[in-house]
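# Summary of structural features
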Amino acid sequence: MFAALVSAFAGVVLGLSLAAPPGPMNAVIAEESVLRGWRSGFFAGLGAMTADACFFVLALAGVVTVVREAPLVRGLMVGVGGLLMLYFAYGAAKDATSTFTTDSVDEDARGFRKAFALAITNPFQIIWWLTAGVGLLDPGQFDVLSGLPGHLTVSTGGPIIIVGFFLGIACWITGFPAALSAAEKRIDSLAPAVAYISAGILALAGISFLYDAVTTLA
């Protein structure tokens, strides 16, 4: 029982290692949360999580390794991701000067589609699935206290750690928008500031990805 709890916790940590680092995905979630409320931020996070579920299925089928072995495919995906990020950066900057909108199905779907499109072409997530993701799916065991007194074994490749992994992502896409939405209610100027910061992060990431794509294809 204890070993199962350790594996589940390790899965949660792996999920947070993918979802929590600052970057374009969290910039989109932040923008949606402060401009349109918790629900829109959550649906944006759900879009990114759906992309991870797709990568998970592709990794199980062995398709993800194609990206590692085909620089042309990776370059094209990164290039598309860069263009999308520049487009959404323009949208974020435009949103910063617009009137706030109320929650609606259309706005939720908009955030979901935006985050999914960015996540499915995000090199960081692709690389994560080619490295840590492989370790997550590969059946085996490792001792997290290796070299230290005692033993704490984590089992990989099983349903427990995989459930923990997606639970970690779910915790982030629920808590992060909630914190931002609550802060926005206390600070009126937070929403446009976050939107401008999101636009800047997306623009820089887009330029970086386009440069990566050009050098890869060249």
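Residues numbered from 1 in each chain as written. Predicted model: local features only at pLDDT ≥ 70, side-chain atom pairs only at ≥ 80, totals over all residues. Heavy atoms only, no water.

### Here we look at the nonpolar core
Counting residues in hydrophobic clusters, the biggest one holds 25 residues, and the most contacted among them are Met25, Val28, Met85, Leu118 and Leu202. Among the secondary structure elements, those contributing two or more residues to this core are α2 (24-36), α3 (38-61), α5 (71-96), α6 (105-120), α9 (159-186) and α10 (190-217). The element that contributes the greatest number of residues to this core is α2, accounting for 7 residues. Discounting residues that sit within four places of it in the chain, Leu118 has contacts with Met25, Val28, Gly81, Leu84, Met85, Phe88 and Leu202. (Core = buried A, V, L, I, M, F, W, Y, C linked by side-chain atoms within 4.5 Å. Buried < 20%, exposed > 50% of the residue type's maximum accessible area, 1.4 Å probe, protein only. Helix = DSSP H or I, 4+ residues; strand = E, 2+ residues; numbered from the N terminus. Contact = heavy atoms within 4.5 Å.)

### Topic: helix α7 (residues 123-130)
The buried fraction of α7 is high, at 6 of 8 residues. Buried within α7 are the following residues: Pro123, Gln125, Ile126, Trp128, Trp129 and Leu130.

### Quick word on the packing of α2 against α3
In the contact formed by α2 and α3, the axes pass within 6 Å of each other and the chain directions differ by 160 degrees. Here α2 lies roughly antiparallel to α3, going by the angle between them. Crossing handedness for the pair α2 and α3: right-handed. For the pair formed by α2 and α3, the contact residues are Met25, Val28, Ile29, Glu32, Ser33 and Arg36 on the first element and Trp38, Ser40, Gly41, Ala44, Gly45 and Ala48 on the second. Split by residue class, the contact of α2 with α3 holds 6 nonpolar, 4 polar and 2 charged. (Axes fitted to C-alpha atoms, helices over the stretch in contact; angles between N-to-C directions. Parallel < 35°, antiparallel > 145°, perpendicular 65-115°, else oblique. Left-handed = near helix turned anticlockwise from the far one by under 90°. Nonpolar A, V, L, I, M, F, W, Y, C, P; charged D, E, K, R; others polar.)

### Let's talk about a nonpolar patch on the surface
A surface patch of nonpolar side chains, amounting to about 300 Å² of accessible area, comprises Leu72, Leu76 and Leu217. A relative accessible area of 55% means that Leu72 is categorised as exposed. (Patch = residues over 30% accessible without salt bridge, like charges linked within 9 Å, V, L, I, M, F, W, Y side chains within 5 Å. Areas by Shrake-Rupley, 256 points an atom, 1.4 Å probe, with all protein chains shown as cover. Salt bridge = Lys/Arg side-chain N within 4 Å of Asp/Glu carboxyl O.)

### Overview of the environment of Leu136
Residue placement: Leu136 occurs in helix α8 (residues 132-137). With relative accessibility at 1%, the residue Leu136 sits in the buried group. Taking the C-alpha atoms as reference points, Leu136 and Gly158, separated by 22 residues in sequence, lie 8.5 Å from one another. Not counting the four nearest positions on each side in its chain, Leu136 is found in contact with Leu14, Trp128, Trp129, Thr156, Gly157, Ile161, Ile162 and Phe165.

### Some words on the packing of aromatic side chains
For any pair of aromatic rings, the description rests on two quantities: the centre-to-centre distance and the angle between the ring planes. In total, this model carries 6 aromatic pairs according to the counting rule given. Both rings, one in Phe42 and one in Phe43, keep their centres 5.9 Å apart while their planes meet at 85 degrees; by these two values the pair is edge-to-face. A centroid spacing of 4.9 Å and a plane angle of 15 degrees characterise the contact between Trp172 and Phe176, whose relative ring orientation is stacked. Note that Trp172 and Phe176 are positioned in helix α9 at a spacing of 4 residues, about one turn of the helix. Clustering of aromatic rings is evident, with ring pairs tying together Trp38, Phe42 and Phe43. (Phe/Tyr/Trp six-rings, centres within 6.5 Å; stacked < 30°, edge-to-face > 60°.)

### Some remarks on α3
Taking 1.5 Å per residue, 24 residues should reach 34 Å; α3 reaches 35 Å between its end C-alpha atoms and fits that length. Along α3, the positions that sit buried rather than exposed are Ser40, Gly41, Phe42, Ala44, Gly45, Gly47, Ala48, Met49, Ala51, Asp52, Phe55 and Phe56. Downstream of α3 by a residue or two, Gly62 has a phi angle that is positive, lying close to 80 degrees. (Expected span 1.5 Å × (residues − 1).)

### Notes on the pattern of salt bridges
Enumeration according to the criterion identifies 4 salt bridges in this entry. Between Glu31 and Lys114 there is a salt bridge, with its nearest N and O atoms 3.5 Å apart. With a gap of 83 residues between them, Glu31 in helix α2 and Lys114 in helix α6 connect regions that are remote in the sequence. The residues Glu31 and Lys114 share a single accessibility class, namely buried.

### Focus on the side chain of Ser33
Within the element layout of this structure, Ser33 appears in helix α2. At a separation of 2.7 Å, a polar atom in the side chain of Ser33 contacts the main-chain carbonyl oxygen of Ile29. Apart from residues no more than four positions distant in its own chain, Ser33 is found in contact with Trp38, Gly41, Pro177, Leu180 and Ser181. (Polar contact = N/O pair within 3.5 Å; in protein donor to acceptor, adjacent residues only side chain to side chain.)

### Some words on the confidence of the model for the chain
Per-residue pLDDT for the chain has a mean of 77; in total, 77% of the residues score no lower than 70. Ranking the elements of the chain by mean pLDDT puts strand β1 (residues 140-143) last, at 63, and α3 first, at 89. Within the model, pLDDT remains below 50 along residues 99-103, and this stretch shows 12 contacts once partners closer than five positions in the same chain are excluded. (pLDDT = per-residue confidence, 0-100.)

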